[in-house]
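So the chains spell out like this:
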Amino acid sequence: DYYDILQIGDSVKFGIGDVTGHGLDSGLLMLMTQTAVRTLLASNEHDPKRIMNILNQTVFDNLQRMQVDKSLTLSLLEYDQGTLRLSGQHEHVLIIRGNGTVEAIDTIDLGMPLGLEEDISHFIAEKMVHLDPGEGVVLFTDGITEAENDAREQFGLGRLITLIEQRWQQPAQAITDAIVQAVYDHVDGHTIYDDITLVVFKRPSGDFARSLMPTQDVATQPHIK
């Protein structure tokens, strides 16, 4: 799994993604992506389409040179003064309104996995969402929704949404803790096969970037299937 949170001025940048497979090659691809994203942002490149194109070209060229058959899903988000911009294909992005209602945004039409094709410019799109104070976003990887119990029943997107709706009036850290605990309760000792990554962000009432509510990444040691 890949995730990052960067504060640049009054804006906050989020990145979340998932590399195919496990092991050294997957870890190297994740580190490549993290380094490239930070380098682009540090160079004042903020256009999401350009960023995705450059990232894909870099990843594609490196994978060809390494002769490694890998790819990664990746969503990039930027929050600035109530406006959330998102691009790239990953899991659903969950937008939570003030009353706790969850809007699940399917990112399938916002991009494609990086490293599969040399040019993905025609797949990349951007979506803008307004967040009022108290509203927010939840980002996750499939280690949460695909976590299985002994009966091979997955935790699922529906359970995740229901839990968020029930807990949204709590602080971001409490929501994060409740979701992680619910996943482990569901698994109930069954082997966890994938990394678990979760980011919970709520727009603060003062709307200053430095007031960013707590976020958390929870990762298990990857188990090779």
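Keep in mind the model is a prediction, meaning the values are calculated, not measured. (Residues numbered from 1 in each chain as written. Predicted model: local features only at pLDDT ≥ 70, side-chain atom pairs only at ≥ 80, totals over all residues. Heavy atoms only, no water.)

(A) Geometry of the overall build of the protein. A tally of regular secondary structure across the protein gives 5 helices and 9 strands. When its helices and strands are written in sequence order, the protein yields β-β-α-α-β-β-β-β-β-β-α-α-α-β. Scaling as 2.2 N^0.38, a compact globule of 225 residues should have a C-alpha radius of gyration of about 17 Å, and the protein matches this with 17 Å. In terms of overall dimensions, the protein has a C-alpha envelope of 45 × 45 × 25 Å along the principal axes. For the protein, buried positions account for 51% of its 225 residues. Considering only residue pairs separated by 6 or more positions, the protein has 69% of its internal contacts joining residues 24 or more positions apart. In the protein, which carries 16 positive and 34 negative side-chain charges, the distance between the mean positions of the two groups comes to 5 Å. (Helix = DSSP H or I, 4+ residues; strand = E, 2+ residues; numbered from the N terminus. Rg over C-alpha atoms; globule rule 2.2 N^0.38 Å. Buried < 20%, exposed > 50% of the residue type's maximum accessible area, 1.4 Å probe, protein only. Contact = heavy atoms within 4.5 Å. Lys, Arg positive; Asp, Glu negative; His and termini not counted. Charge placed at Lys NZ, Arg CZ, Asp CG, Glu CD.)

(B) Structural context of helix α2 (residues 48-66). Over its 19 residues, α2 runs 27 Å from end to end, which matches the ideal 27 Å to within 8%, given 1.5 Å per residue. What α2 keeps buried is the set Pro48, Ile51, Met52, Leu55, Asn56, Val59, Phe60, Asn62 and Leu63. If you follow the buried residues of α2, they end up packed against α1 (24-42), β3 (72-80), β4 (83-87) and β7 (126-130). Two or three places before Lys49, at the opening of α2, Asp47 has a side-chain oxygen 3.2 Å from that residue's backbone nitrogen. Immediately downstream of α2, the backbone of Gln67 shows phi near 55°, a positive value. (Expected span 1.5 Å × (residues − 1). Polar contact = N/O pair within 3.5 Å; in protein donor to acceptor, adjacent residues only side chain to side chain.)

(C) Layout of the nonpolar core. One finds Leu94, Val138, Ile144, Leu160, Ile164, Ile179 and Leu198 to be the most contacted residues of the largest nonpolar core, which totals 23 residues. If you list the elements that add at least two residues to this core, you get β5 (93-96), β8 (136-140), α4 (156-167), α5 (172-187) and β9 (198-202). The leading source of residues in this core is α5, at 6 residues. Apart from residues no more than four positions distant in its own chain, Leu94 is found in contact with Val102, Glu103, Ala104, Gly136, Val137, Val138, Phe140, Leu157, Leu160, Ile161 and Ile164. (Core = buried A, V, L, I, M, F, W, Y, C linked by side-chain atoms within 4.5 Å.)

(D) Expanded view of the packing of aromatic side chains. Applying the stated criterion across every chain, the model contains 2 aromatic pairs. A centroid spacing of 5.4 Å and a plane angle of 55° characterise the contact between Phe14 and Phe201, whose relative ring orientation is tilted. You can see Phe14 sitting in strand β2 (residues 11-19) and its partner Phe201 sitting in strand β9, a full 187 residues away along the chain. Here Phe14 matches Phe201 in class, with each residue buried. Members of the aromatic cluster, connected to one another through ring pairs, are Phe14, Tyr79 and Phe201. Above the plane of the ring of Trp168 lies Lys202, whose end atom (NZ or CZ) is 4.7 Å from the centre. (Phe/Tyr/Trp six-rings, centres within 6.5 Å; stacked < 30°, edge-to-face > 60°. Lys NZ or Arg CZ within 6 Å of the ring centre and 35° of its normal.)

(E) Here's a closer look at the pattern of salt bridges. Scanning the entire structure with this criterion turns up 9 salt bridges. For Glu103, the salt bridge goes to Arg97, with nearest N and O atoms at 3.1 Å. Classification of Glu103 as partly exposed rests on a relative accessible area of 35%. With a shortest N-O distance of 2.8 Å, Glu153 and Arg159 are connected by a salt bridge. (Salt bridge = Lys/Arg side-chain N within 4 Å of Asp/Glu carboxyl O.)

(F) Structural context of the sheet that holds β2. In space, the 5 strands of this open sheet follow the order β1-β2-β3-β4-β7, with antiparallel pairing throughout. Looking at strand neighbours, the two that pair on one side only are β1 (2-8) and β7, the edges of this open sheet. Within this sheet the neighbouring strands show an average axis-to-axis angle of 15°, counted without direction. Judged from the 8 bridges that link them, β2 and β3 form a sheet pairing that is antiparallel. Note that in β3 the partner of Ile16 across the bridge is Ser75. Against the sheet, α1 engages β1, β2 and β3, with an angle of about 15° to β1. α2 rests against β3, β4 and β7 of the sheet, and its axis sits at about 150° to β3. (Pairing = 2+ DSSP bridges. Axes fitted to C-alpha atoms, helices over the stretch in contact; angles between N-to-C directions.)

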